[in-house]
Amino acid sequence: MNDARFHEALRSLRVWDTELPAFDPEAAPDAPLDLFHHWFVEAADAGAVEPQTMSLATVDTAGRPDVRIVMLHDADARGWHFASHVTSAKGRQLAARPEAALLFYWPKLGRQVRLRGRVTTGTPEEAYASLHARTTGALASALVGRQSEVLPSLDTLAEASAAAWERASAEPEAEAKTWTRYVLDPTEAEFFQGDVRRRHVRLRYRREGAAWVRELLWP
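Residues numbered from 1 in each chain as written. Predicted model: local features only at pLDDT ≥ 70, side-chain atom pairs only at ≥ 80, totals over all residues. Heavy atoms only, no water.

(A) Inspection of the pattern of salt bridges at higher detail. Going through the model one piece at a time under the given rule, you end up with 13 salt bridges. The partner of Arg111 in a salt bridge is Glu42, with the nearest N and O atoms 2.6 Å apart. In this pair, Arg111 is assigned in strand E6 (residues 111-121) and Glu42 in helix H2 (residues 32-45), connecting sequence segments 69 residues apart. With a shortest N-O distance of 3.4 Å, Arg68 and Asp66 are connected by a salt bridge. Take Asp66: its relative accessible area is 30%, and that puts it in the partly exposed class. Bridged by salt links that share partners, the residues Arg204, Arg206, Glu208 and Glu215 form one connected network. (Salt bridge = Lys/Arg side-chain N within 4 Å of Asp/Glu carboxyl O. Helix = DSSP H or I, 4+ residues; strand = E, 2+ residues; numbered from the N terminus. Buried < 20%, exposed > 50% of the residue type's maximum accessible area, 1.4 Å probe, protein only.)

(B) Spatial organisation of the packing of aromatic side chains. In this structure the tally under the stated criterion is 12 aromatic pairs. Look at Phe36 and Phe104: their rings are 4.9 Å apart centre to centre, the planes differ by 55°, and that puts the pair in the tilted class. Taken together, the positions of Phe36 in helix H2 and Phe104 in strand E5 (residues 99-106) put the pair 68 residues apart, joining distant regions of the chain. Taking the relative accessible area as the measure of exposure, Phe36 reaches 1% and is therefore buried. Judged by centre distance (6.1 Å) and plane angle (40°), the ring pair of Phe36 and Trp106 falls under tilted. One end of the pair, Phe36, is in helix H2; the other, Trp106, is in strand E5, with 70 residues separating them in the sequence. With relative accessibility at 1%, the residue Trp106 sits in the buried group. Taken together, Phe23, Trp39, Phe191, Tyr205 and Trp212 form an aromatic cluster joined through their ring pairs. The positively charged end of Arg111 is found above the aromatic ring belonging to Trp39, 4.2 Å away from the centroid. (Phe/Tyr/Trp six-rings, centres within 6.5 Å; stacked < 30°, edge-to-face > 60°. Lys NZ or Arg CZ within 6 Å of the ring centre and 35° of its normal.)

Written as structure tokens, this is what we have:
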């Protein structure tokens, strides 16, 4: 019964059954950062749910891919910024193989942004500033730490979380020593605009030396 209901639900879904914005790649800026800023603001203005969330893909030492959702902290001339514990699975993978891919998906506009490049770590001061610019809950979560480790029970998590919340509330300047800022400097950036007739527009920026080469891709 559940299997039948799953397939019924899957087949009933439609993609982009709405009016989507136009995208003229000829009018796109010379570098991807400016276009990303423009698209991000348009996604936020259109009411996209959590437009700052993105998929982060890394590879472990055995060459197996891994992916998860993280939050964008900034996008500037250095690259796209995110943060995590250096001791987490993603932190260990990036330490061993410092390359990654990012994906933003804003279905309300039928848009995706894909980036690939090398990842570097920011300074401890940047990590501290990014963490303390967020909520008490974010600080409490960082203070719990032990991300990706095996958890004995939910009760153990509840106890550790309660202690971390208490400390975060009492010490809003507390440090989470393993919390690390990461920056992905892209060598490729693709902007995908969906089209209801499936004539999707894909514009790829590819770095050659200090310059960006722009090219269209078949959908």
